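Each chain, written out:
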Amino acid sequence: MVDVAAARTIHCPAEPGAPSVDSPAAAVPSAGIAAERTVPCVLMRAGTSRGPFFLREWLPAEDVARDEALIGAIGASDLLQVDGVGGGSTLTSKVAIVSRSTEPGCDVDYLFAQVGVGQRSVDTRPNCGNMLAGVAPFAIEQGLVRAGEGTTTVRVFNVNTRSRIDVTVQTPGRRVTYTGEARIDGVAGTAAPIRLDFLDAWGATTGSVFPTGARTDVLDGVQVTCIDAAMPLMIVRAADLGVSGTETPDQLDADPALLARLETLRRAAGRLMGLGDVSGSVIPKPVLVSAGDGDSSVTSRYFTPHRCHSSHAVTGAVGVATAVALPGTVAHRGHRSSGLHPIAVLHPQGRIDVEVEIAGEGADVQVRRAALLRTARKILEGDLHLPGYVFTEPPRRPAAAPGAVSTPAFPAQPLTLIVPTPAGGANDAIARILAARLGPILGRAVVPDNRTGAHGSIAAEYVARAAPDGHTLLLGYTATHGINPALHHLAYDPVADFTPVGLIGCSPTVVVAGPGLPAGSIDELVAQLVAQPGRYSYASAGEGTAPQLAAELFQLATGVQLPAVTYPGSSAAVSDTATRPTQLMFCSLFTAHPWITAGRLRALAVAAPDRVALLPGVPTLHEAGVEGVDVTQWYALFAPAGTPAPVITTLNAALTGILTDTGTAGQLATRGISVRPGPPELLGDLTVTERTRWTQLIDRIGRRPAPAR
């Protein structure tokens, strides 16, 4: 457990780059007693939200302890939040964590956290544009950014969505002022204007503005627009759900049938958007839209997601305005040419005026940027006292027998499960299922941590260099321990630098065709590719990925010519395959299955030794007469080399226990993953054979090893 720092004095503003003189000492609780802890804090009203602002250094370094501190700060444990600074609403259960940015060209990093109301939860997946309005004033006053004369623009990097926003605040005399004449609906009085310019928020979470590949989808008979513009949204016409869209939030919240229907649609939209099971997530947010007072306005009721927002989220307003501007969505109104256009989002307490910049014409029209005004006000600053009951206590252990040799207890702290791919994919889904079930068995929280880059090599290298004590694990897979070592000169050895914990399961690659390719079988596909070489192209999820290598092996086995169109990931690749820019893809079953069940893609074959239960009528490539294209992906747990054998035994037993549970196996099976529990030695043998197998396959394809990055 990392103790929260106990500081008696708020951090003094300093020149950028100057060290803090208030380096607080750690509070040490009495043995067996969870002590109260104290941290610096600035409470701010930002836009139409309110919450504590923290420098990252004020909070525990370890994520689980950090989240426990946020739960204690807000008072999330009860619905009224009487034991914290929350106000019993999601709008006042928000937290901003700010630090100097590590991103090129950015000034500060902003991590937003949505804390639970009546439940001990912290969600760092969404962004919050209202809280964003307080980030620049806070950063300037805490010495992270030097104030300019008159106004200061701070480039903020939102860690949640990995997007950039320019925030301009008023700084007369090089000091932040909160006083001014700007007024925003939902807030009493006036304040200094704060301009937010969203630079690259489109597709920041899912990789695509329209992650389903369509601007309008039909879910359960209802037309919806699934859009990722500053915030993943599912937009529905209010009339299609039997309401006018002008109801008050209380009226909408009092309609349980409506709320249940919205949640059913939201969960279906989440799966279709590639977000997986969103029952425990606040995204995508559902929105009801209806006519505004003209073509340049829309009436919006924004849900958070289970209650209607009393006004409207800023990021949600950007998303709704984007949908209004783009043809083909359920919210689109009026024709707009390239240039700047004002769009008003009308909400229960007034309006948010969004300025959008449009480029292109017709089907190619895009929103390039969006800007709007907010205000903020500092309410108080000082010490925030956190109750001891929110912090995890070490489990009590029996006293050692006289003369027994003392060995370190395991686990002695929360475990970190490093995930080598972004949120939303198969690896991330597996990691979160395992983490939720491993924690109770081990008696310590298991926290997934997505560390992406170089097709998993960055994450693997990180774990290979971690302390070999079992508290840092890797969700390894085919790329980290099979493909990457065959393709690249790496900074880690897939065998020597890891201790196997256990195999989790396997999932095949599926050959899928989009509407632009009329083939109904592999025979028809090969015939068309031979008859018209170069006409059809396949979507590649990236150079050196398993699906891309499957496509190359397919071409070798059949002798066909199949040009590649390379995308930055599987989400964009499968989306374009379903909407015709590309016609074919070799895709993981996890990624492809929602599109197949929705009828957007056709499964022609699986690149695996056997058929799969989710697609019982789909043959293997071997059955279709194509040999040598077995690209089954596998997933496993690894610890750093040198991890003690008793720790590995404990971890493997816990992993085997949850994988042999029918509930876990069934949950993984619905995602196209077949569980394969076993001893560490089984995984050890697999890593050796996979390294050899992929080296031989890469030689067949004709690749030469190259630096990983």
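(A) View of the overall build of the protein. Counting secondary structure elements, the protein contains 16 helices and 32 strands. The C-alpha radius of gyration of the protein comes to 26 Å, within 12% of the 27 Å expected for a compact globule of 709 residues. Principal-axis analysis of the C-alpha atoms places the extent of the protein at approximately 80 × 75 × 50 Å. Burial statistics for the protein: of 709 residues in total, 56% are counted as buried. In the protein, 69% of the contacts between residues at least 6 apart in sequence involve partners at least 24 apart. Counting only carbon and sulfur atoms, one obtains 53% of the accessible surface of the protein, whose full area is about 27,300 Å². Within the protein, one finds 55 positive and 62 negative side-chain charges whose respective centroids are separated by 2 Å.

(B) Expanded view of the pattern of salt bridges. Enumeration over the complete set of coordinates arrives at 28 salt bridges. The partner of Asp-67 in a salt bridge is Arg-66, with the nearest N and O atoms 2.8 Å apart. Via salt bridges that share partners, Arg-195, Asp-197, Glu-355, Glu-357 and Arg-369 belong to a single interconnected network.

(C) Structural context of unusual backbone geometry. Cis peptide bonds are those with omega within 30 degrees of zero, and the linkage from Ile-283 to Pro-284 qualifies with 0°. On the secondary structure map, Pro-284 appears in the loop between α5 (256-272) and β14 (285-291). Along the chain, Thr-304 connects to Pro-305 via a cis peptide bond; the corresponding omega equals 10°. For Arg-174, which is not glycine, the phi torsion reads 60° and is therefore positive. Note on placement: Arg-174 falls in the loop between β9 (163-171) and β10 (194-198). Note on Arg-174: relative accessible area 49%, which makes it partly exposed.

(D) Structural detail: the side chain of Ser-297. Position of Ser-297 relative to the elements: it lies in strand β15 (residues 297-302). Not counting chain neighbours up to four residues away, the residues in contact with Ser-297 comprise Gly-292, Arg-333, Ala-344 and Leu-346.

(E) Looking closely at the layout of surface pockets. Looking at the second largest pocket, its volume works out to about 560 Å³. Lining the second largest pocket are 24 residues, with Cys-506, Ser-507, Thr-632, Ser-674 and Arg-676 positioned closest to its centre. Elements with a minimum of two residues in the lining of the second largest pocket: β24 (498-507) and α16 (680-701). Here the element with the most residues in the lining of the second largest pocket is α16; it accounts for four residues. For the lining of the second largest pocket, the class distribution of residues is 14 nonpolar, four polar and six charged.

(F) Focus on empty space enclosed by the protein. Enumeration according to the criterion identifies two cavities of 30 Å³ or more in this entry. Lys-94, Gln-114, Cys-128, Lys-285 and Ala-313 are the residues nearest the centre of the largest cavity, which is lined by 18 residues in total. Of the residues belonging to the lining of the largest cavity, the class tally is eight nonpolar, eight polar and two charged. Of the pockets and cavities examined, the second largest cavity occupies roughly 40 Å³.

(G) Geometry of the pairing of strand β5 (residues 94-100). Taking burial as the measure, the seven residues of β5 include five buried ones, the bulk of the element. Note: strand β4 (residues 49-55) against β5, three bridges, orientation parallel. Bridge pairing links Phe-53 to Ala-96 in β5. Following the backbone out of β4, through helix α1 (residues 63-74) and into the adjacent parallel β5, one traces a crossover that is right-handed. Taken together, the seven bridges between β5 and strand β6 (residues 108-115) define a ladder with antiparallel strand orientation. Paired with Ala-96 across the two strands is Phe-112, which belongs to β6.

(H) Up close: the sheet that holds strand β25 (residues 509-513). Judged by pairing direction, the sheet is mixed, and its five strands sit side by side in the order β27-β26-β28-β25-β29 without closing on themselves. The sheet is open, and its two borders are formed by β27 (564-566) and β29 (602-607), each paired with just one other strand. Between one strand axis and the next, the sheet turns through 30° on average, direction left out of account. Each of β25, β28 (584-588) and β29 is contacted by helix α10 (residues 522-531), which is oriented at about 95° to β29, the strand it contacts most. Contacts between helix α12 (residues 570-578) and the sheet are confined to β26 (538-540) and β28, with β28 contributing the most and set at about 140° to the helix.

The rules behind the values
- Residues numbered from 1 in each chain as written.
- Predicted model: local features only at pLDDT ≥ 70, side-chain atom pairs only at ≥ 80, totals over all residues.
- Heavy atoms only, no water.
- Helix = DSSP H or I, 4+ residues; strand = E, 2+ residues; numbered from the N terminus.
- Rg over C-alpha atoms; globule rule 2.2 N^0.38 Å.
- Buried < 20%, exposed > 50% of the residue type's maximum accessible area, 1.4 Å probe, protein only.
- Contact = heavy atoms within 4.5 Å.
- Areas by Shrake-Rupley, 256 points an atom, 1.4 Å probe, with all protein chains shown as cover.
- Lys, Arg positive; Asp, Glu negative; His and termini not counted.
- Charge placed at Lys NZ, Arg CZ, Asp CG, Glu CD.
- Salt bridge = Lys/Arg side-chain N within 4 Å of Asp/Glu carboxyl O.
- 1 Å grid on protein atoms, 1.4 Å probe; cavity = no way out; pocket = protein on both sides within 12 Å on 5 of 7 lines; lining within 4 Å.
- Points joined across faces, edges and corners; volume = space filled by probe spheres on them.
- Nonpolar A, V, L, I, M, F, W, Y, C, P; charged D, E, K, R; others polar.
- Pairing = 2+ DSSP bridges.
- Right-handed = clockwise from strand over helix to strand, strands pointing away.
- Axes fitted to C-alpha atoms, helices over the stretch in contact; angles between N-to-C directions.

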